[in-house]
Amino acid sequence: MEKNGFDRDFLWGAASAAYQIEGAYQEDGKGMGIWDTFAKKPGYIAHGENGNVACDHYHRYKEDVAIMKTLGLKSYRFSISWPRVMPKGCGEVNEKGLQFYVNLTDELRNAGIVPMVTLFHWNLPTALYEMGGWENPRIAEWFEAYTQVVLKALGKKVKYWMTFNEPQLFIGAGLNAGTFAPFEKKSRESLMKISANFLLAHGRAVRKIREYCENARIGMAPTGEVVIPENEEPGCVEEAKAQTFFMDRETFPSSIVWWSDPVFKGRFPREAEAYFPDILPEFTEEEWRMITQPLDFYGFNIYQGGGPKMPGRYDRYSFQGSPRTAMEWNVTPEVLYWCSKFLYERYEKPIMITENGMANYDWVSLDGQVHDPQRIDFMHRYLRELKRAVKEGIPVLGYQYWSILDNFEWINGYDKRFGLVYVDYRTQKRTIKDSGYWYREVIAGNGEML
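Just so it is clear, the structure is predicted and the values come from calculations on it, not from any experiment.

Conventions and cut-offs
- Residues numbered from 1 in each chain as written.
- Predicted model: local features only at pLDDT ≥ 70, side-chain atom pairs only at ≥ 80, totals over all residues.
- Heavy atoms only, no water.
- Phe/Tyr/Trp six-rings, centres within 6.5 Å; stacked < 30°, edge-to-face > 60°.
- Helix = DSSP H or I, 4+ residues; strand = E, 2+ residues; numbered from the N terminus.
- Buried < 20%, exposed > 50% of the residue type's maximum accessible area, 1.4 Å probe, protein only.
- Lys NZ or Arg CZ within 6 Å of the ring centre and 35° of its normal.
- 1 Å grid on protein atoms, 1.4 Å probe; cavity = no way out; pocket = protein on both sides within 12 Å on 5 of 7 lines; lining within 4 Å.
- Points joined across faces, edges and corners; volume = space filled by probe spheres on them.
- Nonpolar A, V, L, I, M, F, W, Y, C, P; charged D, E, K, R; others polar.
- Polar contact = N/O pair within 3.5 Å; in protein donor to acceptor, adjacent residues only side chain to side chain.
- Contact = heavy atoms within 4.5 Å.
- Salt bridge = Lys/Arg side-chain N within 4 Å of Asp/Glu carboxyl O.
- Pairing = 2+ DSSP bridges.
- Axes fitted to C-alpha atoms, helices over the stretch in contact; angles between N-to-C directions.
- Parallel < 35°, antiparallel > 145°, perpendicular 65-115°, else oblique.

Undergrad: Just checking my understanding: could you explain the packing of aromatic side chains for this structure?
TA: Each aromatic ring pair is summarised here by two numbers: the centre-to-centre distance and the angle between the ring planes. A complete count under the given rule lists 57 aromatic pairs for this structure. With a centroid separation of 4.7 Å and 55 degrees between ring planes, the pair formed by W35 and W410 is classed as tilted. Of the two residues, W35 sits in helix α2 (residues 34-39) while W410 sits in the loop between β8 (396-402) and β9 (421-424), which places them 375 residues apart along the sequence. We classify W35 as buried; its relative accessible area is 1%. Consider the rings of W258 and F276, whose centres lie 6.0 Å apart with planes at 80 degrees: the pair is edge-to-face. With a gap of 18 residues between them, W258 in helix α12 (residues 257-265) and F276 in the loop between α13 (270-275) and α14 (285-291) connect regions that are remote in the sequence. One aromatic cluster is present, built from ring pairs that chain together Y19, W35, F38, Y44, W122, Y129, F180, F183, F408, W410, Y414 and Y425. Cation over ring: K41 sits above F38, and NZ or CZ is 4.6 Å from the ring centre. A cation over a ring is seen here: R388 above Y337, with NZ or CZ 3.6 Å from the ring centre.

Now the structure itself:
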């Protein structure tokens, strides 16, 4: 059904992750997470940097929420630090750490900003990692208990919940490719156990949220490669869709379907049965019912078009002098349209763009402002493609720009600036970038100007 544009209650927002912005890494009883632990070891993070201070959001959250209000944000997606709330991952609750999230949520609500909580954004408590982490089947119980603690504090204050951020990264990169914490390369058999434990943890958390939050809207925030059709002929579109939902013996942990098909379709991808006939996880009927409890939206983190990468050669979106971000990612605005279309057609849930944005080479100019025309152009192009999806009748609930602040960008340290707000890490001074003011105009007009 053709529509004129975004719904009046469209959730224009921005996103962050606890470890990337909070700092205060050993303050008020917080325990260690694996990113705290591995950042201490040489060779993992650019320049030997870490998130110990980051953006000092733990102490400056009121200032940051005031900035969000200035930008006119309708929503803010943030994550809870599991080791801040439960220093050992299970058992003891750190009330001071939990209170920080109560205070942040109250500040957001008082500013008229909808809080959106992600329960897990990669920083697994080190104590649980030392007990086997995602390979230990007890982790589903641990995650459920942690979820319950968070819900007791925030369950009446928060409507939008996401269980996990990007299993393709914290499992696919962290435990298969070995490029993210804890920088390991597990066997295929181990990855099967880890996948089963992840799915059960997700299901237990969803069940717990439903118990506590009568009107909750629940999703996940996975990522994955979305292939853009070379043209819009039906055959070409179907080929791109098939490539988007492709997996094989090697790529399965980084694919969309390995994590989403069990949750939304109640089965592993058909290919998995042929690839892994002897080691594919088996669940009881009761476990499948828990894993597949209905979700309210499909969250998705997306930055560029996907497809095969050939080291030393251009990929399908590149050419001499083609536009790229500071992450060396391709600028492919159409991916926002095609991801919305493909994901809605396969999983039949409203879409939430839970991350999209670009790293740029930003600095404070002589006039004291941060001028980032590339980011404005990037956002304009991408949001026009999202608007196209909306106008074609694809239900899109919101758009969360990544990120609200420049922050610690994992293995890249502080080199890559994604924020709508510039952070001088030496002084912690915040400066709203031109893109932040531009986004404010987009929000105020509900996307009419795009």
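Undergrad: Would you mind showing me how to read empty space enclosed by the protein here?
TA: Unfilled space is identified by rolling a water-sized probe across the atoms. Within this structure, the stated rule accounts for 3 cavities of 30 Å³ or more. One number sums up the size of the largest cavity: a volume of about 120 Å³. Lining the largest cavity are 17 residues, with A18, Y19, E22, S81 and N123 positioned closest to its centre. Of the residues belonging to the lining of the largest cavity, the class tally is 7 nonpolar, 6 polar and 4 charged.

Undergrad: What exactly am I supposed to notice about the side chain of Q20 here?
TA: Within the element layout of this structure, Q20 appears in helix α1 (residues 18-21). A distance of 3.3 Å separates polar atoms of two side chains, one belonging to Q20 and the other to E409. In terms of polar contacts, Q20 uses its side chain to reach the side chain of W410, at 3.2 Å. Ignoring any residue separated from it by four or fewer positions in sequence, one finds Q20 in contact with A54, C55, H121, W402, N407, F408, E409 and W410.

Undergrad: What is the right way to look at the pattern of salt bridges in this model?
TA: Pairing between side chains becomes possible if they bear opposite charge and their charged atoms approach one another. Throughout the structure, instances matching the rule amount to 30 salt bridges. One salt bridge connects R381 with D377, and the closest N-O pair in it is separated by 2.5 Å. Placement of the pair is R381 and D377 together in helix α16 (residues 373-391), with a separation of 4 residues, close to one helical turn. You can call R381 partly exposed: its relative accessible area is 40%. On the accessibility criterion, D377 (37% relative accessible area) is partly exposed. Residues participating in the shared-partner salt-bridge network are D362, D372, R375, D406, R417 and K433.

Undergrad: How do you make sense of the pairing of strand β1 (residues 11-15) when you look at a structure like this?
TA: In regular strands, side chains alternate between the two faces of the sheet. A large share of β1 lies buried, amounting to 5 of its 5 residues. Here β1 runs beside β8; their pairing, made up of 5 bridges, is parallel. For W12, the partnering residue across the bridge sits in β8 and is Y399. Pairing analysis gives 3 bridges linking β1 to strand β2 (residues 75-79), with the strands arranged parallel. Paired with G13 across the bridge in β2 is S75.

Undergrad: Got a minute to help me understand the pairing of strand β3 (residues 114-120) in this structure?
TA: The element β3 is extensively covered by neighbouring structure, given that 6 of its 7 residues are classed as buried. As defined by bridge partners, β2 adjoins β3 across 5 bridges and the pair is classed as parallel. From the neighbouring strand, F78 faces β3, where its bridge partner is V117. Pairing between β3 and strand β4 (residues 160-165): 4 bridges, direction parallel.

Undergrad: Could you clarify how one ought to interpret the packing of helix α3 (residues 57-70) against helix α5 (residues 95-110) in this entry?
TA: Two numbers describe a pair of packed helices, the interaxial angle and the distance between the axes. Relative orientation of the contacting elements α3 and α5 amounts to 10 degrees, with a least axis distance of 10 Å. Comparing the axis directions of α3 and α5 gives the class roughly parallel. Contact with α3, carried on its side by H57, Y58, Y61, K62, V65 and M68, involves K96, F100, N103, L104, E107 and L108 of α5 and no other residues of that element. Looking at side-chain class alone, the contact of α3 with α5 contains 7 nonpolar, 2 polar and 3 charged residues.

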